[in-house]
Amino acid sequence: TGPALTVALCAPLAGWRADRVGRKALLVIATLLYAVLGALPAMLDNLPAIVGTRLLFGCAEAAVMTCCAALIADYWHGEERLRYVNRQVVTIGLVGALFFVVGGALGEHSWRSPFLLYLLPLLLVPAMMKVLWEPSMAKRPRAEQQADESGPAKVAVRSLVIGYLMILGGMVLTFVVPIQAPTLLVSLGIASSTLIGMAAGLSLLATLGGSLMWPLLRRRFGIAGCNALLLSLIGLGLWLLMRAQSYNAVLVAVFIQGLGSGLLVPNVMAPVMNALTASTRGRGLGGFTSFLYIGQFVSPLVVASVGAFASDLRQSIQWLAVASFAAALLWIAVGLRTRGHGQATTLGSRQSS
């Protein structure tokens, strides 16, 4: 959990530095540090030193994630930006799943071997130096400058705060499955690490499915509608997980919850990007990354806090499912209000003409 905590703490600072010194330079430096610090535990023999290295690694990861998100917002606009946001989320899931398997296989031979995988990003550095460009207004094509100028003149604070709260709460709910599902499986008499791993793999596969479906669902239901849908799916998955009495029932629950979780990041990140100006994207997306990882880190703490008023883990999950359903209803109301306002505006325009 060390890297997740340091990502949460360092992402806003990384975003501030990205706005001051530039995205590309910071991304290249952070990638080099990411590779070196990530692989360093393979050569260390002292546990405190390994933990300290992992904490520093989280700082580099914060800069990488923040700069990548900021560059996506800088390079593309409108629908094209949304497509690249979704491609980023899908790529993270696919590569994460691949390296989870490869790392597990390498770990069969030595606990040190998986850390060497962190050296692979060094292969990307030459391409980053050649292909990426610093999105300063002086160096960008005129068409891109005009597209950027059509964005907000100032930060949409309300949209930004809503996005931060959504990713924080969404991550708290999302991480209930990877953290608490193994405990529930053991309580059902399922102690096989292979079966528990398969359940985690199915949840990850469902997350990818949700991310792949997001563009279609967003066009059909809009941002507010997708928020309502993803919270409903997460809530339903948690409710079924709470009531599950067999391994197959748990698989159904984590699959449904995973679909909702896959919609979360792209659907929340897109409005956050649109709420920021060109000069504040680094800091704003650094804040987004920070709240994302804070949600992951505090998820078990929230479950434990709810457990102080609940009789057991299942009832704690039940209350979180109810909270997810309540938030979904709120977004349904927002979506209906927005749609009604849009129809009223369209009707008024027709009558005027």
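Above: the structure in question.
Calculation criteria
Counting starts from 1 at the beginning of each chain's written sequence and moves along it residue by residue. In view of the model being predicted, local features appear only for residues whose pLDDT reaches at least 70, and side-chain atom pairs are presented and counted only at 80 or more, with totals across whole chains, interfaces and linings using the full set of residues. The side-chain numbers reported here are obtained from all heavy atoms of the structure, hydrogens and water having been left aside. Put simply, a salt bridge is a Lys or Arg side-chain nitrogen that is within 4 Å of an Asp or Glu carboxyl oxygen. Accessibility here uses a 1.4 Å probe with only protein chains present; expressed as a share of the type maximum, an area under 20% marks a residue as buried, one over 50% as exposed, and anything in between as partly exposed. As a rule, the C-alpha atoms of each element are fitted with a line to give its axis, helices using only the stretch in contact, and angles between N-to-C directions run from 0 to 180 degrees. The numbering of helices and of strands both runs from the N terminus, where a helix is a DSSP run of H or I of at least 4 residues and a strand a run of E of at least 2. Roughly parallel covers angles under 35 degrees, roughly antiparallel covers those over 145, roughly perpendicular covers 65 to 115, and oblique covers all other angles. By the definition used in this description, the sense in which the near helix is turned from the far one sets the handedness, with an anticlockwise turn below a right angle giving left-handed and a clockwise turn giving right-handed. Residue contacts are counted whenever heavy atoms from the two residues lie within 4.5 Å of one another. Any residue that is not Ala, Val, Leu, Ile, Met, Phe, Trp, Tyr, Cys, Pro, Asp, Glu, Lys or Arg is counted as polar, Gly included; the first ten are nonpolar and the last four charged. Computed over the protein atoms alone on a 1 Å grid, cavities are sets of points where a 1.4 Å probe fits but cannot get out and pockets are open sets with protein on both sides within 12 Å along at least five of seven lines; a residue lines them when it has an atom within 4 Å of a point. Grid points are joined across faces, edges and corners, and a volume is the space filled by probe spheres set on the points. Count a disulfide wherever a pair of cysteine sulfur atoms falls within 2.5 Å. The set of buried Ala, Val, Leu, Ile, Met, Phe, Trp, Tyr and Cys residues whose side-chain atoms join them within 4.5 Å is what this entry labels a nonpolar core. Patches were defined on residues exceeding 30% relative accessible area and lacking a salt bridge, with like-charge contacts within 9 Å and nonpolar side-chain contacts (Val, Leu, Ile, Met, Phe, Trp, Tyr) within 5 Å. Computed with the Shrake-Rupley method and a 1.4 Å probe, the accessible areas treat only the protein chains shown as cover for residues. A helix is expected to span 1.5 Å multiplied by its residue count minus one. Here the arc refers to the directions that run from the helix axis out to each C-beta atom. Each pair of aromatic rings taken from Phe, Tyr and Trp, with Trp reduced to its six-membered ring, is defined by centres within 6.5 Å and is described as stacked if the planes are under 30 degrees apart, edge-to-face if over 60, and tilted in the remaining cases.

Chemist: Would you mind going over the pattern of salt bridges with me for this structure?
Modeler: Evaluated as defined, the whole model comprises six salt bridges. Its salt-bridge partner being Asp19, residue Arg23 comes within 2.6 Å of it at the nearest N-O pair. Like Asp19, Arg23 is buried. Each of the salt bridges in this network shares a partner with another, and the network as a whole consists of Asp19, Arg23, Asp74, Arg281 and Arg283.

Chemist: Can you walk me through the packing of helix H7 (residues 157–174) against helix H11 (residues 281–307) in this structure?
Modeler: Two quantities define a packed helix pair, namely the angle between the helix axes and the distance between the axes. At a minimum axis distance of 7 Å, the contact between H7 and H11 shows a crossing angle of 30 degrees. As summarised for this structure, H7 and H11 are arranged roughly parallel, according to the angle between their axes. H11 is crossed by H7, and the crossing has right-handed handedness. Two secondary-structure elements touch here, H7 through Tyr164, Ile167, Leu168, Met171 and Val172 and H11 through Arg283, Gly284, Gly287, Phe288, Phe291, Leu292, Ile294, Gly295, Gln296, Val298, Ser299 and Val302. Partitioned by chemical class, the residues of the contact of H7 with H11 number eleven nonpolar, five polar and one charged.

Chemist: What exactly am I supposed to notice about the layout of surface pockets here?
Modeler: By rolling a water-sized probe across the atoms, one finds the places where empty space is left. Taken as a whole, the second largest pocket encloses approximately 760 Å³ of empty space. Lining the second largest pocket are 29 residues, and of these Ile162, Met166, Asn227, Trp331 and Val334 lie nearest its centre. Where the lining of the second largest pocket is concerned, the elements lending two or more residues are H7, helix H9 (193–243), helix H10 (247–275) and helix H12 (313–352). Per element, the largest residue contribution to the lining of the second largest pocket is ten residues, and it comes from H7. Residues that form the lining of the second largest pocket fall into these classes: 17 nonpolar, ten polar and two charged.

Chemist: Explanation requested: the state of the cysteines in the structure shown.
Modeler: The bond known as a disulfide is covalent and runs between the sulfur atoms of two cysteines. One pass over the full model with this rule turns up zero disulfides. No disulfide involves Cys67; its sulfur sits 7.2 Å from that of Cys68, the nearest cysteine. On the basis of relative accessible area, Cys67 is assigned to the buried category, the value being 0%.

Chemist: Would you mind showing me how to read the packing of H10 against H11 here?
Modeler: It is the contact of H10 with H11, at a shortest axis distance of 10 Å, that shows an interaxial angle of 150 degrees. In terms of orientation, H10 lies roughly antiparallel with respect to H11. By crossing handedness, the relation of H10 to H11 is classed as right-handed. Contacts between H10 and H11 pair Val265, Val268, Met269, Val272 and Met273 from the former with Leu285, Phe288 and Leu292 from the latter. Class assignment for the residues of the contact of H10 with H11 results in eight nonpolar, no polar and no charged.

Chemist: In this structure, what is going on with the nonpolar core? I would like to understand it.
Modeler: One finds Ile167, Leu238, Met273, Leu285 and Phe288 to be the most contacted residues of the largest nonpolar core, which totals 85 residues. Sequence-distant contacts of Leu285, that is, excluding residues within four places in its chain, are made with Thr66, Ala69, Ala70, Ala73, Val272, Met273 and Leu276.

Chemist: Help me understand a nonpolar patch on the surface, please; the structure alone is not making it clear to me.
Modeler: Judged by side-chain polarity, Leu94, Val95, Leu98, Phe99, Val102, Leu120 and Leu123 come together as a nonpolar surface patch covering roughly 610 Å² of accessible area. Summarising the element assignment, Leu98 is placed in helix H4 (residues 78–107).

Chemist: When you look at helix H8 (residues 176–187) in this model, what are you seeing that I'm missing?
Modeler: Note: α-helices contain 3.6 residues per turn, so residues at a spacing of three or four share the same orientation. Helix length check: H8 (twelve residues) gives 16 Å between terminal C-alpha atoms against 16 Å at 1.5 Å per residue, within 8%. Taken together, the buried positions of H8 are Val176, Val177, Gln180, Ala181, Leu184 and Leu185. Along the axis of H8, the buried residues cluster in a sector spanning 150 degrees; they form a single face. With its phi angle positive at about 90 degrees, Gly189 sits one or two positions after the end of H8.

Chemist: Would you take a moment to explain the side chain of Gln88 for this structure?
Modeler: As for its position among the elements, Gln88 is in helix H4. With near-sequence residues (within four places) excluded, Gln88 lies in contact with Cys68, Ala69, Ile72 and Met269.

Chemist: Could you clarify how one ought to interpret the packing of aromatic side chains in this entry?
Modeler: Tallying each qualifying case throughout the model produces eight aromatic pairs. Their ring planes at 20 degrees and their centres at 3.9 Å tell us that Tyr75 and Trp133 sit as a pair that is stacked. Taken together, the residues Tyr75 in helix H3 (residues 47–75) and Trp133 in the loop between helix H5 (125–131) and helix H6 (142–149) connect sequence positions 58 residues apart. Take Tyr75: its relative accessible area is 8%, and that puts it in the buried class. Residue Trp133 is classed as partly exposed on the basis of its relative accessible area of 34%.

Chemist: Is there a simple way to think about the environment of Gly93 in this case?
Modeler: Structurally, the position occupied by Gly93 is in helix H4. In the structure, Gly93 is positioned 24 residues away from Ala69 in sequence and 16 Å away in space, judged by C-alpha atoms. Beyond its immediate stretch of four places on either side in the chain, Gly93 contacts Leu204 and Leu208.

Any functional reading would require information that these geometric values do not contain.
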